[in-house]
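# Residue-level structural notes
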Amino acid sequence: MAIPYVDPDICTGCELCTQVAENTFVMNDDGVAEVITPAGDSEETIQEAIDSCPVEAISLKED
Ligand code: SF4
């Protein structure tokens with residue numbers, strides 16, 4: 001299974017992914033998105049969050 005990963009150096013903190021896939025991504029204390037539960041949402045929803053990121057900060061890593 002592919003695990004989503006947010007690159008904190010690229011994330012601008014727009015919060016979009018946390019709104020699209022709210023069970024997978026949260027904003028952390030540094031103001032960037034972080035994965036809390038890798039499969040918190042369906043694959044489709046996680047992909048939608050990846051596609052919605054304006055700076056392409058989210059990638060999928062194969063397990
Ligand atoms: S959508 Fe992209 S830039 Fe916005 S909070 Fe999520 S990872 Fe960061």
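Residues numbered from 1 in each chain as written. Predicted model: local features only at pLDDT ≥ 70, side-chain atom pairs only at ≥ 80, totals over all residues.

The biggest cluster of nonpolar side chains holds 11 residues, and these are Val 6, Cys 11, Cys 17, Ala 21, Phe 25, Ala 33, Ile 46, Ala 49, Cys 53, Ala 57 and Ile 58. Residues contacting Ile 58, with those up to four places away along its chain left out, are Pro 4, Tyr 5, Val 6, Cys 17, Ala 49, Ile 50 and Cys 53. (Core = buried A, V, L, I, M, F, W, Y, C linked by C-beta atoms within 7 Å. Buried ≥ 20, exposed ≤ 12 C-beta atoms within 10 Å, placed from the backbone. Contact = placed C-beta atoms within 7 Å.)

Moving on, we get to the environment of Cys 17. With respect to the helices and strands, the residue Cys 17 is situated in helix 1 (residues 16–20). Remark: the alpha-carbon pair of Cys 17 and Glu 34, spanning 17 residues in sequence, is separated by 9.6 Å. The contacts of Cys 17, once residues within four sequence positions are left out, are Phe 25, Ala 33, Ala 49, Ser 52, Cys 53 and Ile 58. (Helix = DSSP H or I, 4+ residues; strand = E, 2+ residues; numbered from the N terminus.)

What follows concerns unusual backbone geometry. Negative phi characterises most residues that are not glycine, and trans characterises most peptide bonds. Positive phi values are uncommon outside glycine, yet Glu 15 reaches one of about 75°. Within the secondary structure, Glu 15 is located in the loop between strand 1 (2–6) and helix 1. Here the phi dihedral of Glu 56 falls at roughly 55°; this positive angle occurs in a residue that is not glycine.

Purely geometric stuff here, so don't read any function into it on its own.
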